[in-house]
Amino acid sequence: MRAALVFLVACNSGSASPSTQGSAAAPPKASAKPIVDANPAALDAPQLFATYCAQCHGTDAKGYKSDHAPSLVNPTFLESASAAYLTASIEQGRPGTAMAAYGNAVGGPLDTAAVTKLVVWLQGQGKIGGELVNAPAGDAKRGQPLYVASCQKCHGDSATRGEYLLLANPVFLKLANDAFIYHAIVSGRPGTPMEAFDHKLGVQQIADIVAYIRSLAHEQTITPLPASTGKEPLFVNPTGKPPVWKTVKEDRFVPADDVKKALDAKAKMVIIDARPESEWRTVHITGAVSIPHFNLKRLDEIPKDATVIAYCACPHHLSGIVVDELVKRGYKHAYVLDEGILEWQRRGYAIVAAQGVTVPPKEPELPAGAMR
Ligand code: HEC
Ligand code: HEC
């Protein structure tokens, strides 16, 4: 009985998806421009999205503007993601990935009203589904080899992530119930590499995979560092000499190894964490100041001849906004930390981390010819 219902859901979503996508209520406005020194209360949903989200999820919210960021408007996603799931995903982020926590309870820029605006707007891009059907009980042991054979190359595990959504992320597994995961596997995400597995795998096999994914969860409680005062010293090694870089790619990107060497050599520089402050409060490079890409007031304090390194997690898009702004203001020594903070953290370089923070899973090897 349950199985029959499940397939009904799958068939419905499969046949409805192209038209749902075509007749989406209010298409995202690609024209909305990012805003510097943003006041979220004054922004409507498309402006909020352009300011805080489009750098990774794309102006059309279809994802993959930066590494790993999924579509937020795929029909089978919208019909299965509850408002509570979307709200908590935005507020809490996905620790250890580029997805920051945007809720102001943990130091993010958005209050409940702003997050609600975004959620309502995203839900307006598709059809909101009804009640999801529960997955039958599964067995993680039986699911493990199936997951390894059919899913792992794209979704990874807790040690090494894949190119797409990290299913082993503790916040994902806390927010996503079995029915949501089951629905995604049965129906896929039309128009993306996520196929509908209902033709390849049986109901019980899918349920076993869900149980295995569930077993990838490990509890993680992060106690954020104190909020930034905005008065932390700008410079690391204020009495040192400016760094001399061995490698600068495209006049802009400095490899993490070179930045680490400069720090070891006590070079004088400003290190900017360009992510929301919530992320700085989770983990930051030792000596880095929090200057989020949407609130750049503190840039005024930086002397024009300073060497500045900005970083984010995605790994270039948010730091790139800060560096573009510095270049526009006439700074001659403004750079992006090429690999970003997640890789910095994986290499074991100097960080200040909140209690409970763990090393992010490794990045997958890129297939030949792929871009990151
Ligand atoms: C710096 C890049 C980046 C920015 C900016 C960003 N995201 Fe994300 N987001 C991601 C990534 C990457 C993931 C997936 C996490 C993973 O597994 O790597 C994600 C996941 C999500 C998810 C969960 C999707 C799912 O399928 O479960 C939601 C919802 C989301 N983001 C909404 C937003 C919203 C709304 C904003 C703006 C307030 C935003 N994101 C800003 C990178 C970003
Ligand atoms: C070829 C790569 C690929 C394979 C193989 C694959 N997936 Fe996916 N999967 C994706 C992509 C891409 C998305 C997100 C699509 C989007 O952006 O809307 C996704 C989304 C999902 C989601 C939804 C997560 C969320 O938060 O929205 C789940 C659950 C999922 N996949 C599970 C699986 C399972 C289980 C398997 C194996 C049976 C599998 N996937 C195989 C690429 C893949």
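Look up a bit, the structure's there.
Counting restarts for each chain, with residues numbered from 1 along the sequence as it is written. Following the order in which they are written, the chains are lettered starting with A and the ligands numbered starting with 1. In view of the model being predicted, local features appear only for residues whose pLDDT reaches at least 70, and side-chain atom pairs are presented and counted only at 80 or more, with totals across whole chains, interfaces and linings using the full set of residues. Note: side-chain values were computed over all heavy atoms of the structure, leaving out hydrogens and water.

Please give an account of the overall build of the chain that cites residues and values.
Only runs of H or I of at least four residues qualify as helices and only runs of E of at least two qualify as strands under DSSP, and these elements are numbered from the N terminus. What the chain contains, in helices and strands, is 15 helices and 8 strands. Within the chain, the fraction of its 372 residues that count as buried is 51%. A separation of at least 24 residues holds for 69% of the contacts in the chain among residues at least 6 apart in sequence. Of the roughly 17200 Å² that the chain leaves accessible, carbon and sulfur atoms contribute 57%. Here's how the labels work: a residue is buried when its accessible area is under 20% of the maximum for its type, exposed when over 50%, partly exposed in between, all with a 1.4 Å probe on protein chains only. We call two residues in contact whenever any of their non-hydrogen atoms come within 4.5 Å of each other. Computed by Shrake-Rupley with a 1.4 Å probe, the accessible areas treat only the displayed protein chains as cover when residues are assessed.

Requested: an account of the site of ligand 2, with residues and values cited.
Residues in contact with ligand 2 amount to 25 residues; listed here are only the nearest, Y64, C151, C154, H155 and M194. Y85 places a side-chain nitrogen or oxygen 3.3 Å from an oxygen atom of ligand 2. Within 3.5 Å is the distance limit for a polar contact, defined as a pair of N or O atoms, with the added protein rule that one can donate a hydrogen and the other accept it, and that residues adjacent in sequence qualify only through two side-chain atoms. In the environment of ligand 2, a nitrogen atom lies 2.8 Å from a nitrogen or oxygen atom belonging to the side chain of H155. Within the residue set of the shell around ligand 2, elements represented by two or more residues are α8 (152–155), α10 (178–187) and α11 (203–215). Broken down by element, the shell around ligand 2 gets its largest block of residues, 4 residues, from α10. In terms of residue class, the shell around ligand 2 is made up of 19 nonpolar, 5 polar and 1 charged. Any residue with at least one heavy atom within 4 Å of a molecule or strand is counted as near it. In this classification, the charged set is Asp, Glu, Lys and Arg, the nonpolar set is Ala, Val, Leu, Ile, Met, Phe, Trp, Tyr, Cys and Pro, and all remaining amino acids, among them Gly, are polar.

Describe the packing of aromatic side chains, with residues and values.
Only Phe, Tyr and Trp rings take part, Trp by its six-membered ring, and two of them pair if their centres are within 6.5 Å. Stacked means planes under 30 degrees apart, edge-to-face means over 60, and tilted covers everything else. As enumerated under the stated definition, the model contains 9 aromatic pairs in all. Measuring from ring centre to ring centre gives 6.3 Å for F77 and Y85, while their planes differ by 75 degrees; the resulting arrangement is edge-to-face. Among the residues examined, Y85 registers a relative accessible area of 8% and is labelled buried. Considering the side-chain rings of W245 and Y335, the 5.9 Å spacing of their centres and the 80 degrees angle between planes classify their relative orientation as edge-to-face.

With reference to specific residues and values, describe the coordination of the iron atom of ligand 2.
Those protein atoms acting as donors to the iron atom of ligand 2 are H155 (NE2) and M194 (SD), and they sit at 2.0 to 2.1 Å. Metal sites are built from N, O and S donor atoms within 2.8 Å, or 3.2 Å for Na, K and Ca, and they leave out water, so they may look incomplete. In short, tetrahedral needs four donors with all angles between 85 and 135 degrees, square planar needs four and octahedral six donors with opposite donors over 155 degrees apart and all other angles between 65 and 115, and whatever is left is irregular. Around the iron atom of ligand 2 sit 6 donor atoms, and with donor-metal-donor angles ranging over 88 to 179 degrees the site reads as octahedral. Pair noted here: H155 is in helix α8 and M194 is in the loop between α10 and α11, with a separation of 39 residues, a long-range link.

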